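Here are the chains, one letter per residue:
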Amino acid sequence: MVQKKLIRAISLLLIIITSGVFSVAADEKEVPEAIFSGIDNASAVLNNIDYIDIKNSNTWAKEAIYETGALGIMKGYGNRNFGLNQPVTKEQAIAAAYRVAGREGDAQKTAEELDNARQPADKKKNAISMWADGYLQLAADEGLISNQDRTDAFNTDPTKLIPGTSFYRANYAQRQEFGDWLAKTMKIEPVYGQDKIFNSFMDWSAADPIRIPYLEGLIKNNIMNGTGNGRFDPTGTLTRAQVAQIIKNGEKLILPILKLNKTLGTIEGIKESTDSSLGERITTNTFNIRNVNGKLHKVDAQFLTDAVDKNKNEQIGTPLPGTEKDFIVYKYGKIGKSDLLESGDRVEYIIGEDKSVRFVNVISSVNDTKYMAAQVNSIDSQNLTINVTRLMDLEYPDVSKDGKKTIANGSSGLVDSTYRYSNSVKIYNEGIPAAMETVKPDSIYILTLRDDMVTGIKSVNLTLDGDLRIVKGIVEENNPQLGYITLYGENGQGTNPSGTSALRTFSYVNPNNINVNKNSKKVGIDDIEPGDSVFMKLDEKMNVYDISGVDNYISRYARIIAQKPSAILVEYDNGSQQVLPVDGAVPVVVNNTVAGVDQLKDGDRIKLILNQTKKDIVVKGITINDSQKIIRNIYKGSLVQLNETTKDLVLQNMERLSKGQWERSQNIGISKINLGDYYKLYSGDKAIDDKMVNNILRNQEAYIAAEGDYGGGERAVQVTFRDKGSLETLADDIIARTETAAGQFELNKSSNSMNYGPSTIIVKDGKLVTGNSITIDDAAYIVANRDNDTGDYFAGVIQLNDRIDPNALTVYRGRIKALADNKNFELESFSQLKGQNWEFVNTPKTFKITYDTKILDDEGLIPQREFTGYGVDTYLGRSVYVVSDNINALLVSTAPYGPDGAFAKGSVFELSGGSTGSDGKYLTEPTGIVIKNSKVYDMTNHVWADSKDITLSLLKNTVIIKDKKEINPSQIQVNDNLRVYKKGKTETGDGYIVFVED
């Protein structure tokens, strides 16, 4: 609310300030700061850029096309056709890049030199093709393209070119190619810390690594951007309209290169004068412009209006244009010359070094009366303000009139806007004069505004029966492939098939021709998603051609209960639970850095960004709370009192769980611990309240999970009271089997089943989790209680710990898609080792190559400099294992893997192979291990099955991990406990990964 008031205050202040400036007319005695003139060939320039296909379009790039055309950067095809949606070829892209740098003259000279060197029969007949040769030669000379590319481009025999390899000048340019060329001609410094492109776009890895620093430079300068759906599309094509917009985006850097300057001002007056002293009548229109700096600028436009002896066309005898110094003007979608300008126009004007005006863009007019269709939200009659949601800007205050009617997508878009209304505002309700009291919130009206003050309000019926043809609703489905969009009402009407209000479906013929805005930004049709609120404008055939929308995202806080394939189970703060679909495309933010879904862990406190519809819910983003508190200790003690006022637990004889055993705490006798903000109390596996604790549970033992607080202290977040009559037992074991639905698990060393429930304190990765997080092979400290009547065991505490090294270091496998020498490499998709399962994730993953990264090839350890993505021994496309610490690759191995891989475990009986010296130390590394007490993991039944002794062969690229480090085979000791991933389920086979466990 404060922000809204601030925005309103700023808006009113701007109105007051600008009104003050514009009221000052140019004094006849005022000395102008600068005097500018038009250009000699304004009519020729206008004729060249008055494109038929642009004039008849509603393209968002219209201003960019006209501006770049007026400046001679983007040119049409010579027949008043720009080629709006035509993809740019490589030679056109290179030409545009050089024209941006003001090198057109250099290219034409080079082209003439090339053509002069040709034999007469080989000379180019087409001027455009010849000039293109000049641009291509410059590009080769200056390193934009290779010499081989230039040779390919000049090749006149297409049969000598190799598809997919050779440089075809007429082929469409890729976005990354044009960006690279543009950055180099503009001399934009390459950026080698690729924060923008790496963090902003999901498909950054598809870009050529050599071009990425230059693309980064463009992105950081807001010259190039993504496609609007989280992608940059580096290998995609770009249209001529997109190129024009990219160039306009870079005008702050480009205009100085071309020795041009852009400034702002308001036309205060226009004065006409004539001069007949030279025998011909020359009319001069002088435009007095109050510059944004407050100084006066004058711009003169001259025309020959009466000549004694006009020159004539030598072929047809018509008079030739006489003296002219005019300039190009773009105003409200129209292109013309200075006669389009009026007093009160707010303008941007581009000036050359010779003080000539090259291009003028009319932003708005201080004298305009504006009309808009808007939904009234509220009226403050005391302060004479009205708050509305702008729906559509109109040229006339009557929707039945012809004229411009555009969905409002300005700076406020579909956001609330507040205006003052005149005390004498004229109000018409259904054509009848009415009072302000008849203006109802949530109804739609046409507003008349003068200087941003509402002077008229007229009711209007925005239905399909009228000529306006606007529809409003919530998106149920948007299908760009089949060209339709389906809406339901904001009150949910249309979602129930048996209801009276059916879903409404509308078609669109060409998705590329639809003007789409979302959240006040220009986007593509693909960005309109289920759940978005939209206004759509329809043509006479009821097809959609304009869409304006806002998303309906909501944020909720939750805790991850369990992770499932492509989904997570979360518990919200109100205690409700929900399964949410989550795939590799969902951005996960950790410590202000975008990461992958593999960073999510059970127990994580997260913020969810959800797009919720009547039918389903879509996760749009996840932020892991990096300040979430960790369970620091688990205690046991007898309750003395729960202070319901101070929320303190008073206990006696407190003990702390340490490595599966109870140890006396440092506090002897009575201890006190504060309760956390969201504490839970349990007895008999049921939730209880504070009063019940004090009434019936005094002097009873309880287990307490305590989290650390910011002051270094602890707070109890879960308290579970144990049954007095039960027998406590402790276990330090491995989970052998688990049944989540039944709330049971089994241990390796015990034949008894253990039960658990909501009251069980389960801690994993330092966080409170549920039984969904218990997995086979988890190492666990367990505190259980045996019921004297039934003999059943119920776990009061399950502490899942990191004693198995693979939980400390993460192991991945996948195929290398991209590799930057000594910097990083990317897997095109990956599988992550979790327990005895490889969990597949269909999304790329990038690892950094550090000084400590080791590379194990088929022949053993190799230098990092040989780990490259090119040449005969390229690693691109090779399958590898990666042992990583977060994003840092510690070890990369080319050890094989396939569908026959199996997990086994046991203890070392002996090492085989290798040779030792007289001191017993290995001179050459062992090549095999014999494993006793062996078990092989049954992937079907999810249990460890007994096996005979296993003879494991060690390869030169076998990965061996101990104490979070990669070790050599000789560092393995007899009786070490091993867990291995090997070839096949038999008693022999190559070892791919060996974990040495405690």
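Heads up: these notes are all about the structure in this document.

Conventions we followed
- Residues numbered from 1 in each chain as written.
- Predicted model: local features only at pLDDT ≥ 70, side-chain atom pairs only at ≥ 80, totals over all residues.
- Heavy atoms only, no water.
- Buried < 20%, exposed > 50% of the residue type's maximum accessible area, 1.4 Å probe, protein only.
- Helix = DSSP H or I, 4+ residues; strand = E, 2+ residues; numbered from the N terminus.
- Contact = heavy atoms within 4.5 Å.
- Core = buried A, V, L, I, M, F, W, Y, C linked by side-chain atoms within 4.5 Å.
- Pairing = 2+ DSSP bridges.
- 1 Å grid on protein atoms, 1.4 Å probe; cavity = no way out; pocket = protein on both sides within 12 Å on 5 of 7 lines; lining within 4 Å.
- Points joined across faces, edges and corners; volume = space filled by probe spheres on them.
- Nonpolar A, V, L, I, M, F, W, Y, C, P; charged D, E, K, R; others polar.
- Salt bridge = Lys/Arg side-chain N within 4 Å of Asp/Glu carboxyl O.

Some words on helix H5 (residues 90–100)
And step 1. The element H5 is extensively covered by neighbouring structure, given that 10 of its 11 residues are classed as buried.
And step 2. Considered for burial, the residues of H5 that qualify are Lys90, Glu91, Ala93, Ile94, Ala95, Ala96, Ala97, Tyr98, Arg99 and Val100.
And step 3. Buried residues along H5 sit against helix H6 (104–116), helix H7 (127–141), helix H9 (175–185), helix H12 (240–249) and helix H13 (251–257).

Observations regarding unusual backbone geometry
And step 1. You will see that Asn822, though not glycine, has its phi angle at about 60 degrees, which is positive.
And step 2. The phi torsion at Asn975 lies on the positive side, around 80 degrees, for a residue other than glycine.

Digging into H9
And step 1. Where burial is concerned, most of H9 is hidden: 10 out of the 11 residues are buried.
And step 2. Tucked into the core, H9 has its buried residues touching H5, helix H11 (212–220) and H12.
And step 3. Downstream of H9 by a residue or two, Lys187 has a phi angle that is positive, lying close to 60 degrees.

Things to note about the nonpolar core
Buried together is how nonpolar side chains tend to be arranged in soluble globular proteins.
And step 1. Counting residues in each nonpolar core, the largest one holds 68 residues, and the members touching the most others are Ile65, Ile94 and Trp181.
And step 2. Among the elements that take part in this core, H5 stands out by supplying seven residues, more than any other.

Some words on the pairing of strand E9 (residues 357–365)
In summary, the side chains of a regular strand alternate between the two faces of the sheet.
And step 1. Of all the nine residues making up E9, seven are buried; the element is thus mostly covered by neighbouring parts of the structure.
And step 2. In the sheet, strand E6 (residues 328–331) pairs with E9 via four bridges, with the strands oriented parallel. Bridge assignment links Ile328 to a residue of E9, and that residue is Phe359.
And step 3. Both strand E8 (residues 345–352) and E9 contribute to a ladder of seven bridges, which runs antiparallel. From the neighbouring strand, Ile351 faces E9, where its bridge partner is Val357.

Some words on empty space enclosed by the protein
And step 1. Tallying each qualifying case throughout the model produces three cavities of 30 Å³ or more.
And step 2. Each pocket or cavity is described by its volume, and for the largest cavity that value is around 50 Å³.
And step 3. For the largest cavity, the full set of lining residues is Ile289, Val299, Phe327, Leu341, Val347, Tyr349, Val357 and Val360.
And step 4. Contributing elements (two or more residues each) for the lining of the largest cavity: E8 and E9.
And step 5. Classifying every residue of the lining of the largest cavity gives eight nonpolar, no polar and no charged.
And step 6. Estimates place the volume of the second largest cavity at around 40 Å³.
And step 7. Every residue lining the second largest cavity is listed: Glu67, Thr68, Leu71, Ile73, Ile247, Lys248, Glu251, Ile254 and Leu255.
And step 8. Secondary-structure elements contributing two or more residues to the lining of the second largest cavity are helix H4 (62–70), H12 and H13.
And step 9. Counting residues per element, the lining of the second largest cavity draws most heavily on H13, which supplies three residues.

A few points about the pattern of salt bridges
Once the charged atoms of two side chains with opposite charge are near each other, the side chains can pair.
And step 1. Per the stated rule, a full pass over the model turns up 44 salt bridges.
And step 2. Among the ionic pairs, Glu571 bridges to Lys680, the shortest N-O distance being 3.6 Å. With a gap of 109 residues between them, Glu571 in strand E25 (residues 567–572) and Lys680 in strand E34 (residues 670–683) connect regions that are remote in the sequence.
And step 3. Accessibility expressed as a relative area gives 14% for Glu571, which makes it buried.
And step 4. Between Arg878 and Asp857 there is a salt bridge; the shortest N-O distance is 3.6 Å. Of this pair, Arg878 sits in the loop between strand E49 (860–862) and strand E50 (879–885) while Asp857 is found in strand E48 (residues 845–857), placing the two residues 21 residues apart along the sequence.
And step 5. In this structure Asp857 comes out as buried when scored by relative accessible area, which is 15%.
And step 6. Residues joined in a network through salt bridges with shared partners are Glu63, Glu67, Lys248, Glu251, Lys262 and Glu348.

Nothing here speaks to function; it is all geometry.
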